[in-house]
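# Remarks on the overall topology
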Amino acid sequence: YRLVLSVYSDQGEVVSQARERLAALAGPTPATLTLRRLEDPPADAPTRAQPSPNGRYLSFWDWETGDLAVRDLQSGQDRKLTDEGVSWGSGAPVFQEAEGSTWSPDSRQVAYLWTIDSAEELRVVGLEGGEPRVIARYEDGGVSLYDWAPDGKWILLSRRGSGQEEISIVSVVDGSTRTLGMTNDDAFPNMRFSPDGRHIVYNALQDPDNPERDVFLRSIESGQVTPLIQHPADDFLLGWSADGMWLAFASDRTGAIGLWVVRMADGKPQGAPTLVRDGIGRALPMGLTRNGALYYGIVRASVDVYEADLDPETGQVGTPRKAIEDHEGNNYEPAYSPDGRYLAYVSQRGSIPYPTNAGNTLCIRSLETGENRELYREFWRLGVRTVVAPRWSPDGRFITVGGYLGNAANRTDVYRVDVATGKIGLVYRSKSNEHLSYAAFGPDGTHYLARGFEEEGYTQIVAQDLETGEEREVYRFPRYESRLRFGISPDGHWLSLLNNDNGIARSLKIMPTEGGNPREIWSVGETEPGTPGLAHWWTPDGRYILFNGRSTDDPLQRELWRLPVHGGQPERTGVFNLFGTPGAPLSLSVHPSGRRIIFESKGTADTDSEVWVMENFLPASQAGGSGAGA
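Presented here is an overview of the structure given in this document. (Residues numbered from 1 in each chain as written. Predicted model: local features only at pLDDT ≥ 70, side-chain atom pairs only at ≥ 80, totals over all residues. Heavy atoms only, no water.)

This paragraph deals with the sheet that holds strand 35 (residues 447-453). Taken in spatial order, the four strands make up an open sheet running 34-35-36-37, and their pairing is antiparallel. Two strands in the sheet have a free side with no partner beyond their single neighbour: strand 34 (435-441) and strand 37 (471-477). Ignoring strand direction, the axes of neighbouring strands in this sheet form an average angle of 20 degrees. Pairing analysis gives six bridges linking strand 36 (residues 458-464) to strand 37, with the strands arranged antiparallel. (Pairing = 2+ DSSP bridges. Helix = DSSP H or I, 4+ residues; strand = E, 2+ residues; numbered from the N terminus. Axes fitted to C-alpha atoms, helices over the stretch in contact; angles between N-to-C directions.)

This is how it looks when you write it as structure tokens:
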């Protein structure tokens, strides 16, 4: 036909037919990949929202009421599907709210989890609302909801237990459950039905000792597991096109996290994956519609470490400056070494979307040379998914951290790091009935630990000998305190305590480290300005206690205050709202010289997030359509 156009260009009818034949062979004009940001997304949308298969609606959690709601993406209107939600702090005797949701294949019903105190129910409600139908109830919670089968008969979910996620499908008709097996990924797993409904596709850890993930296929009938995407990089599932032709996943195999696709046939990859778009960021997959639009969230929470000069006499603080430029937006909980030459801090690693609660590492930085050491895989191989609160021993030889063992284990232990060798050792294993809230060294090397017993109704501070394991109770609170923080004076003679009253500190007390009754040195009362957070720090000379308090000018802002230990009123010494967000400084350390402080400050809040929609990215759609339309 091209030859006809070239040789017989003067014969109009023949040329017209040749052009028609060429257009038919070429198919439709390829669509252009588009990426658009959803304006004003619902709060926490990346983790609790899902688009309907027809692309018309978005189901989400209404944070103001706790109810399940939907947004009409054409009109922009929100509408609640439930009316039983009770938010925290409402004073209601029973707390209940919606959690995750998923849509029926015809986009006319929504399945969702409904939390009632510690229990969870799997419910279904119609698009027009009305009385929901309870499918199943789980008394001990721990349920995650993922997908609704293409034939409409089953709902896919998982339950946490014994260090793993148990994959199950639940009958929409009678609530009967069929367990399919276990997966070892407790770091934001994603699971979906295959388009033919015969398999479950999901991401899971390549092995328990490393944080990288691969994508697997599990047969519902036989239980056989087949790897789909295998690579040394971190790969995680985004979605599977409705026609079954393309599997979309994210991977950091080029360095940045990119969106990749691989052609599928009979549940098997055909050829090598193709990079569609690089640099999409730490994406939280929300869903892939029938017409091939991918919805995903980006959590913009950021936190950085800043340093500022401190006048030890006046307490005034100079202009803060960013102290760590590596992995910006992901560094927090700084602590100076006793000699002031090193800095221990926590930093996020890997592809986990939240910068402050999963997949992080302990870093040890030389303030003289800038050399940085990190212990990421070393902690991961011990089963530790999150490290918190690094604290130096007085001689600078060790650092203790709290180590959270992930959602499945749901336990925090205490570990000790040998700074010279990097060797990590377990020094305290928490019991099933206790909650560790804080730990720190005293100047004589004694390790202090705060632990609470919710069922027993008390919290205690104990002094520990980490070499022998011997313990001594220093003080026992007559009630359970879930967010207790304490401080230790530089001479090791005093403990400072901020009393927690429904999450608000109302008085600052000190007591001897040998035991005894706390003595109040300052009462906040009911005043809002200056109300301190729970974290506080002693100055090296032992004369003052620093804390972050609410601003006298704006109750949503935080400032640095100091209180004379031997009597007097607190005084404001600095403003730390570098980005206009409440809560700074969240963690602080005073240099041994008393002339510098280092602290973390949030750039954006944990709930700050974006929702993006990527369209026309599937090769099948660029060659004539990837499945049913909206």
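Here the narrative resumes, following the displayed structure.
Moving on, we come to unusual backbone geometry. With a phi angle near 65 degrees, Ser107 is a residue other than glycine that sits in the positive phi range. Structurally, the position occupied by Ser107 is in the loop between strand 6 (96-103) and strand 7 (109-116). The backbone of Glu333 sits at a positive phi, close to 55 degrees, despite the residue not being glycine. Within the secondary structure layout, Glu333 lies in strand 26 (residues 331-336).

So, on to the sheet that holds strand 18 (residues 235-240). Taken together, four strands build an open sheet; the order of strands is 18-19-20-21 and the sheet is antiparallel. One side of each edge strand has no neighbouring strand; the edge strands of this open sheet are strand 18 and strand 21 (268-277). Neighbouring strand axes in the sheet, compared pairwise and without regard to direction, differ in orientation by 30 degrees on average.

This part takes up the packing of aromatic side chains. According to the stated counting rule, one finds ten aromatic pairs in the structure shown. Residues Tyr438 and Phe486 carry aromatic rings whose centres are separated by 5.0 Å and whose planes lie at 90 degrees to one another, so their mutual orientation is edge-to-face. Taken together, the residues span a long stretch of sequence, with Tyr438 in strand 34 and Phe486 in strand 38 (residues 486-488) at a distance of 48 residues. In terms of burial, Tyr438 and Phe486 fall into one category: buried. Above the ring of Tyr544, the side-chain terminus of Arg562 is found at 3.8 Å from the ring centroid. (Phe/Tyr/Trp six-rings, centres within 6.5 Å; stacked < 30°, edge-to-face > 60°. Buried < 20%, exposed > 50% of the residue type's maximum accessible area, 1.4 Å probe, protein only. Lys NZ or Arg CZ within 6 Å of the ring centre and 35° of its normal.)

Mapped onto the elements, Asp106 comes out in the loop between strand 6 and strand 7. Placed 44 residues apart in sequence, Asp106 and Pro150 show a C-alpha to C-alpha distance of 9.0 Å. For Asp106, the side chain forms a polar contact with the side chain of Ser104, separated by 2.6 Å. Only 3.0 Å separates the side chain of Asp106 from the backbone nitrogen of Arg108, close enough to count as a polar contact. (Polar contact = N/O pair within 3.5 Å; in protein donor to acceptor, adjacent residues only side chain to side chain.)

Okay, the nonpolar core next. Counting 19 residues, the largest nonpolar core has Leu362, Phe379, Val387, Trp392, Ile399, Val401 and Tyr415 as the members making the most contacts within it. Taken together, the elements giving at least two residues each to this core come down to strand 26, strand 27 (342-348), strand 28 (360-366), strand 30 (386-392), strand 31 (398-404) and strand 32 (412-418). Excluding its chain neighbours within four sequence positions, the residues that come into contact with Phe379 are Leu362, Val384, Val387, Val401, Tyr415, Val417 and Ile424. One finds Ile280, Ala283, Leu294 and Ile298 within the second-largest nonpolar core, a separate group that totals 17 residues. (Core = buried A, V, L, I, M, F, W, Y, C linked by side-chain atoms within 4.5 Å. Contact = heavy atoms within 4.5 Å.)

Once that is clear, we can look at the side chain of Arg416. Looking at the secondary structure, you find Arg416 in strand 32. Looking at Arg416, its side chain comes within polar contact range of the side chain of Glu467, at 2.9 Å. When residues no more than four places from it in sequence are discounted, the contact partners of Arg416 are Phe398, Ile399, Thr400, Lys423, Ile424, Gly425, Val427, Leu466 and Glu467.

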